[in-house]
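# Notes for the structure review
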Amino acid sequence: MKKVKSIILSFITLLILSSNAFATHATGGNITYEYISPNTYELTLKLYRDCSGMAFNTTFPMSITAENNCGFFNPNISLIFDHAHEVSQLCPNEISNSSCVNGNQPGYFEYVWKGIVSLPGNCDSWKFHKTVNTRNTSTNLQGLTNMGFPLYLETVLNSSTIPNNSSPVITTSKPIPYFYTGQQVTYNLGVYDPNSDLLSFSFIEARRGPGMPIAYQPGYSGNDPIPGITIDSQSGDISFTPNLQGYFTLVVLIEEFNSNGNLVGSVVQDFQVVIMNGLNIIPEVSNTGISNLNSGTVINPFEIQVCEGSNVCFDLEFLDQAPYNTLNISSNISQVIPGATMIQNNNVAPVTVTFCFTAPLVAANPILTFSIDVNDDACPIVGINSNTVEIKIVSPTYASQDVNICKGDDVELYAIGGTMFNWSVISGDPIDLGSNFHFNNSNYSSVLVSPDSTTTYEVISDIIGCRNIDLVNVVVSDINSDPFIQFVSCEGENDGVVDYGVYGGVEPYVFNWGHSNSNLDSLGNLFAGVYSLSVVDHIGCTRQFDTLITNLYDKPLTNFTWGPSNPSSMNPVIEFYNNTSNAISYQWEIDVNGTITTFDTENIDYTFPYVQPGEYPVCLTAVSQHGCDSTYCGLVEITDEFFIYIPNAFTPGDNDYINNEFKPIITGVNPNYYSFQIFNRIGELIFESTNVDDGWDGYYNGELCQIGGYVWKMTMLDQSTINSYKNIGNVTLLR
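These lines cover the structure that appears in this document, whether it is placed above or below. (Residues numbered from 1 in each chain as written. Predicted model: local features only at pLDDT ≥ 70, side-chain atom pairs only at ≥ 80, totals over all residues. Heavy atoms only, no water.)

## What to know about the overall build of the chain
Threshold: Segments assigned H or I by DSSP are reported as helices when at least four residues long, segments assigned E as strands when at least two residues long, and all are numbered from the N terminus. To get the radius of gyration, use the C-alpha atoms; to get the globule rule, take the number of residues to the power 0.38 and multiply by 2.2 Å. Classification of residues uses two cut-offs on accessible area relative to the type maximum, computed with a 1.4 Å probe and protein chains only: under 20% is buried, over 50% is exposed, and between them is partly exposed. Here, two residues are considered to be in contact whenever any of their heavy atoms come within 4.5 Å of each other. Computed with a 1.4 Å probe, the accessible areas rest on the Shrake-Rupley method; for each residue, only the protein chains presented here act as cover. When charges are counted, neither His nor the chain ends are considered; positive counts come from Lys and Arg and negative counts from Asp and Glu. All charge positions are set by atom: Lys at NZ, Arg at CZ, Asp at CG, Glu at CD.
When helices and strands are counted, the chain shows 2 helices and 61 strands. For a compact globule of 735 residues, the expected C-alpha radius of gyration is about 27 Å, and the chain comes in at 60 Å, more than 25% above that figure. Viewed in the frame of its principal axes, the chain has a C-alpha envelope of about 185 × 60 × 40 Å. Burial statistics for the chain: of 735 residues in total, 47% are counted as buried. Relative to all contacts within the chain whose residues are 6 or more apart in sequence, the contacts with residues 24 or more apart total 64%. Only carbon and sulfur atoms are counted for the fraction: they give 50% of the accessible area of the chain, which is about 34400 Å². Mean positive and mean negative side-chain charge positions of the chain (22 and 71 charges, respectively) differ by 18 Å.

As structure tokens, then:
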């Protein structure tokens, strides 16, 4: 429903207020920046113009001054005109009658310039500022109608603190608001921060240049630009009840702080508030506040606490004292929380609006604030009012990730999502405070645990309206074994087996036997001895197992001797004496030139057949009552016995080949020390040899010697006794 009475009165008031505004035009503005890439930003300049004054020149670039306190050169910044649009607070039927189109209703335009600036380096601080001529008439500033007073805007970037920061963004669609005297009002600039940093709002004095404040009329100041006005430092809500008509200049400093409390930037919003008389009663949000909240907790009428990641919806109701008035609701919630929605369920007061969003993860600033504007359908000036909703986002209670530890080690567990925490054991090793469980801080968000076995801990926090419980499993790697051992059956055998049967720990395992490259937990074919297995599980826990494998039964101690100790080919009968212990059966083997003779008696007598002198192996194998056997071998040496036979006649030269050669028959002679000589009757040497196998055939110089007697001489060494012999004798040559 249109409010006709307020139209006439508002129109008369506006004519009075605008009577001195013809030569002035700048009613406010701001400078913001958006991070593009390292040391590169897009600057945006917004200026608001009273359309009853002169228009801005958009043909030429708009210069911005840069300053820094780090010694860098200051770049030249030129912004290019981007667009302009009308922001008049008029009803739809009167927009075409605004002063921006030469009508008689108050009109305002927003002008936007943009440009990219590349800075020479990070600095705390970079300051960008602009001075614009000239300000619009202002009731609370000195200087006639403020003719010639420039409008000064600035923004600050602390890029050393946060190199990739973007400034807060101002979203209000009514940058030059109109209000009625005598009515309590709330106005909000609709500021949000793209980086979710903490914002702080305050009033500051208007300036006409850097460090050049403008004097205020008596009773006014930068901190008190309208009597009784306040600004909420957290939400930015500007609240007051105006009682005097006029154009009032307000300057809001918006500061941005990171999670460490460091100032990372600021923006100045300079704007005018117009106060007029009128009968229109502006709309308002119901003081019952938030209703139908589906997830979370209502802390105050316009404050809720929700869990990160939760899907949240709630309603707000908007009222108007005039029945059947049409209301229009707008909000910056979708900019504050991307993806959020606002649905206006009806248009005629009372109006219900549903807000829905998915709570984002807790960032540097866990408190998000969005603004809501409500407009009625009054004409020509619509009534407006604002409100803000504060959303406190809390994390559900989260405990540490499940963790694996080695038995005997400790590990820190922590919990987030709450201010106080209580720990308990669901399963596993009970808590023994001061022994296997220690608190690391006063709110118990961090604990040090050392359970003996795999344990599940439960942590409960004090948060309300959000999941406040979580579990964490501490898997204790306790490497153990269930060994199977097969001892060596008989001493000296290799039939031992060890199988450790490793279990516990975190598979897979790596096995190291030291002397073996086997990657199994068992070994076979083992001799008696100590066997060590080192086990490393998947998380690096180690355990060593040592096992002694012994012999089940001893072998017989097999041994024998024989006599005589020096047998000879002339005396080859030998007795073997069995000296073995721990045996019940025996097996003898005597090897004579490859012919094996065996006996199974305890002791034996053996006559060696005629053999050449040499060494002959004799082995005895003994077997115990448990089947263990051992073998002992000895070498029996048969020597030649010293023996000489020398014939006294021979008959060489005939054809019967009998007794044709004179040769001694010798045994037991060292062949290296032997000489045999024949002399005739006149003492002449007619035959000589050092080979025991050579004999004299009766010839000398190719002729058969005469019948008769000859002298022989023999020198030799006994091979056994090392005694030497010299013999001389006669031999008769016959025919």
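## A look at the packing of aromatic side chains
The line we're drawing: Two rings belonging to Phe, Tyr or Trp (six-membered ring only in the last case) form a pair when the distance between their centres is within 6.5 Å. Interplanar angles under 30 degrees mark stacking, angles over 60 mark edge-to-face geometry, and anything in between is tilted. A ring is scored as having a charge over it whenever the NZ atom of a lysine or the CZ atom of an arginine sits within 6 Å of its centre and within 35 degrees of its normal.
The final tally for this structure, using the stated rule, is 36 aromatic pairs. With a centroid separation of 5.8 Å and 40° between ring planes, the pair formed by Y187 and F271 is classed as tilted. With Y187 in strand 10 (residues 185–187) and F271 in strand 18 (residues 263–276), the pair connects residues that are 84 residues apart, well separated along the chain. Residues F355 and F370 carry aromatic rings whose centres are separated by 5.5 Å and whose planes lie at 45° to one another, so their mutual orientation is tilted. Taken together, the residues F355 in strand 25 (residues 351–358) and F370 in strand 26 (residues 367–375) connect sequence positions 15 residues apart. Assessed through its relative accessible area of 0%, F355 is described here as buried. Residue classification places F370 among the buried positions, given a relative accessible area of 1%. Through a chain of ring-to-ring contacts, three or more aromatic side chains come together here, namely F650, F662, F676, F687, W696 and Y710. Cation over ring: R208 sits above F149, and NZ or CZ is 5.6 Å from the ring centre. Between R467 and the ring centre of Y398, over which it is positioned, the NZ or CZ distance is 4.9 Å.

## As for the sheet that holds strand 28 (residues 398–399)
Test applied: Pairing between strands is defined by DSSP: at least two bridges between them are needed.
Across the sheet, which stays open at both edges, the 4 strands sit in the order 28-30-33-32 with antiparallel pairing between neighbours. Unpaired on one side and paired on the other, strand 28 and strand 32 (437–439) mark the two borders of the sheet. Where strand 28 and strand 30 (residues 411–416) come together, 2 bridges link them in antiparallel fashion. Bridge assignment links Y398 to a residue of strand 30, and that residue is I416.

## Digging into a negative patch on the surface
Using the following cut-off: Patch definition: residues with relative accessible area over 30% and no salt bridge; like charges joined within 9 Å; nonpolar side chains (Val, Leu, Ile, Met, Phe, Trp, Tyr) joined within 5 Å. A carboxyl oxygen of Asp or Glu within 4 Å of a side-chain nitrogen of Lys or Arg is what we treat as a salt bridge.
The grouping of E661, D693, D694 and D697 at the surface amounts to a negative patch. Along the chain, the position of D693 falls in the loop between strand 57 (685–689) and strand 58 (699–700).

## Focus: the state of the cysteines
Heads up, the rule is: A pair of cysteine sulfur atoms is labelled a disulfide when the two atoms are within 2.5 Å.
Evaluation of the coordinates by the stated rule reveals 8 disulfides. The partner cysteine of C313 in its disulfide is C356, sulfur to sulfur 2.0 Å. Since a negative S-S torsion denotes a left-handed disulfide, the C313-C356 link at about 120° is right-handed. With a gap of 43 residues between them, C313 in strand 22 (residues 311–319) and C356 in strand 25 connect regions that are remote in the sequence. Residue class for C313 comes out partly exposed when judged on its relative accessible area of 25%. There is a disulfide in this structure between C490 and C628, and the S-S distance comes to 1.9 Å. As the torsion about the S-S bond is roughly -80°, the C490-C628 disulfide counts as left-handed. Taken together, the residues span a long stretch of sequence, with C490 in strand 38 (residues 488–490) and C628 in the loop between strand 51 (614–623) and strand 52 (629–638) at a distance of 138 residues. Residue classification places C490 among the buried positions, given a relative accessible area of 9%. The exposure class assigned to C628 is buried, which follows from its relative accessible area of 0%.

These results come straight from atomic positions and should not be treated as a statement about function.
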